[in-house]
Amino acid sequence: MSKKLKVELKNLTKTFVTNKNDQVKAVDNINLTINPGEFVCLLGPSGCGKTTTLRMLAGFEIPTSGEIFIGDENVANLTPDKRDTAMVFQNYALFPHMNVYDNIAYGLKLQKLPKSEIQSRVDKILKLMKMEDFAKRVPSEMSGGQQQRVSLARALIMESGVLLFDEPLSNLDAKLRLHMRDEIRKIQKQVGISSIYVTHDQEEAMGLSDKVVIMKDGMIMQVGSPREIYQKPVNEFVAQFIGRANILDGKIVGKKGDNVLLDVHGVIYETEKTTGHEVGESVKFMVRPESFKLGETDFKAPVTKSVFMGSHHEYEVELFGKIFEISENNPMRKVTIEVGADLSFSMDPNSIHILEKE
Ligand SMILES: Nc1ncnc2c1ncn2[C@@H]1O[C@H](COP(=O)(O)OP(=O)(O)OP(=O)(O)O)[C@@H](O)[C@H]1O
Ligand SMILES: [Mg+2]
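Residues numbered from 1 in each chain as written. Chains lettered and ligands numbered in written order. Predicted model: local features only at pLDDT ≥ 70, side-chain atom pairs only at ≥ 80, totals over all residues. Heavy atoms only, no water.

**Describing the overall build of the protein chain**
Scanning the protein chain from N- to C-terminus turns up eight helices and 19 strands. The principal-axis extent of the C-alpha atoms belonging to the protein chain is close to 75 × 50 × 45 Å. Taking all 358 residues of the protein chain together, 47% fall into the buried category. In the protein chain, 67% of the contacts between residues at least 6 apart in sequence involve partners at least 24 apart. Accessible surface computed for the protein chain: about 17600 Å², of which carbon and sulfur atoms make up 49%. In the protein chain, the 46 positive side-chain charges and the 49 negative ones have mean positions that sit 5 Å from each other. (Helix = DSSP H or I, 4+ residues; strand = E, 2+ residues; numbered from the N terminus. Buried < 20%, exposed > 50% of the residue type's maximum accessible area, 1.4 Å probe, protein only. Contact = heavy atoms within 4.5 Å. Areas by Shrake-Rupley, 256 points an atom, 1.4 Å probe, with all protein chains shown as cover. Lys, Arg positive; Asp, Glu negative; His and termini not counted. Charge placed at Lys NZ, Arg CZ, Asp CG, Glu CD.)

Following this line, the structure appears as C-alpha cells:
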C-alpha cells in the first residue's frame, strides 16, 4: 500500500529570529538517513529541536540551509501539499463536527477522487484500525485513544511515502499510551511506511524504533538501535538520558587482545575497548544499575537507600565519593540489605562501557 521512501537530511539547519531580533539555532547542521520502511524516533529533552526537524520534513518550516530528500527529490523548499508526507498530531486535530468516516475521507475528497474509490479506501482503513463500528461517531463521542486512532487512519489513508508523528500519545494516560504504542508499531509494520516519530519519552522511543536519534541543543548526539543506544552510549549525556546510568572513573592499564584492562580503584576488569583510548589514560565509563553482581566482594560500601520496587529492589551505596545506583531483580526469598548495612558487589565486566572522549 505504501511506497516506502528513503528520507535524507543533509546539513540541515534552522535558525529562528525572535521578535527581539535574537537568533535561535533550533536545528544545527544535522545529517540523518531514514531507510525505506524504517521507524525512526527523534528523542531528546525539551527544546532540543525535535519538532522543528519534523516541521521542516512536513514543510511547515523552511530550512535556513541544507537539504531534505524524500525519495530522489529535494523537497526542502516545497509547500506541505507538494511533498509526500502525512502527519499525526499530538492534539489529534480532527474536525469536531465531522464523523469518523468524513474525517478520514477528507483528504481524498480534496483530491476529488471518485466516490466509490473513497468509500473503498475508507472502509479498508477502518477495518485495518478495527474502527468499523465507529464510522458514524463524532470525535466528542470517543475516548482519546480512539480519536488518536482516527487521526492515524486519516494520515495513513493518504498513502504517502513518509509518516510523521509529533508526540501523538502524550495526551493519553499511561496504560492507553502503552497500548497505542503497540498498535502504531503493528500497523506501521503491516503497512511498511517509513516513519519519523518525535517523543521525549525514552521508553516509547525504545519500544517503537528501529533506530533512535538522540538530540541535544539542535544537534544529533547519537544514532543507533535501541540496544546500541542503551548499551553503548557515546557520551555521558546519552547514557544519562536513556535509563539510569552510573558514570565512574577508571584508568586503562593494559591491553589484552581486543580488550583493555581497566583499573577501577584497584580492581582490574577486562572489558571491551572503545576507539581512541590508549594505555595509561584515565577514562569515564558507564555501568547500568542492573549490571552489578551482588554478594561478590570486589567492593563493599554502606547502603544509603534500599527500596522495594516490585519487579526489582533499588539500592544506593556511597563509595569513592560517588553514589552508586544498584538494582537487583526480585526473586522471592532473597535477603534484602537495609540502610546502614554493608553491600558487597562487583561489576559485570561485559556490561562496562567506556565512554568516548568529549
Ligand atoms: N518560531 C520560533 N521562534 C523562535 N524560536 C523558536 C521557534 N520555534 C522553536 N523555537 C526554539 O527552537 C528550539 C527548538 O524548539 P523545538 O520546538 O523544535 O523543540 P522540541 O525538541 O520539539 O521541544 P519539546 O520537547 O519541548 O516539544 C527551542 O529553543 C525553541 O524555543
Ligand atoms: Mg516539540
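Anyway, onward from the coordinates.
**Concerning the pairing of strand 2 (residues 23–34)**
Within a regular beta strand, the side chains point alternately toward one face of the sheet and then the other, so they alternate between its two faces. Strand direction decides the pairing type here: strand 1 (residues 7–17) and strand 2, joined by eight bridges, are antiparallel. Following the sheet pairing, Thr15 is matched in strand 2 by Lys25. From the end of strand 1 to the start of strand 2, which pair antiparallel, there are five residues, and Asn21 there has a positive phi angle of about 70°. (Pairing = 2+ DSSP bridges.)

**Brief notes about the sheet that holds strand 19 (residues 353–354)**
Here five strands make up an open sheet; going across it, the order is 13-12-11-14-19 and the pairing antiparallel. Each edge of the sheet is formed by a strand with only one pairing partner; in this case those strands are strand 13 (267–272) and strand 19.

**Here we look at the domain arrangement of the protein chain**
By a frequent convention, interface size equals the accessible area lost on bringing the separate parts together. Split into domains, the protein chain comes out as domain 1 (7–239) and domain 2 (244–354). For domain 1 versus domain 2, the distance between C-alpha centres works out to 38 Å. Across the boundary between the two partners, domain 1 contributes seven residues, which contact eight residues of domain 2. Together, the buried faces of domain 1 and domain 2 total about 680 Å²; carbon and sulfur atoms form 47% of this surface. In this structure, Glu272 and Lys232 form a salt bridge, with 2.8 Å as the shortest nitrogen-oxygen distance. On inspection of domain 1 and its partner domain 2, the count reaches five residue pairs in polar contact (both at pLDDT 80 or more). When residues of the side of domain 1 that touches domain 2 are traced back to their parent elements, those giving at least two are helix 7 (226–231) and helix 8 (236–241). No other element matches helix 7, which puts three residues into the side of domain 1 that touches domain 2. Its residues placed into classes, the side of domain 1 that touches domain 2 shows four nonpolar, one polar and two charged. (Domains from an automatic or database assignment. Buried area = accessible area lost by both parts, 1.4 Å probe. Salt bridge = Lys/Arg side-chain N within 4 Å of Asp/Glu carboxyl O. Polar contact = N/O pair within 3.5 Å; in protein donor to acceptor, adjacent residues only side chain to side chain. Nonpolar A, V, L, I, M, F, W, Y, C, P; charged D, E, K, R; others polar.)

**Some details on the pattern of salt bridges**
According to the stated counting rule, one finds 18 salt bridges in the structure shown. Among the ionic pairs, Arg244 bridges to Glu325, the shortest N-O distance being 2.5 Å. Note that Arg244 is positioned in the loop between helix 8 and strand 11 (246–256) and Glu325 in strand 17 (residues 322–329), a separation of 81 residues in sequence. Residues participating in the shared-partner salt-bridge network are Arg244, Lys305, Glu314, Glu316 and Glu325.

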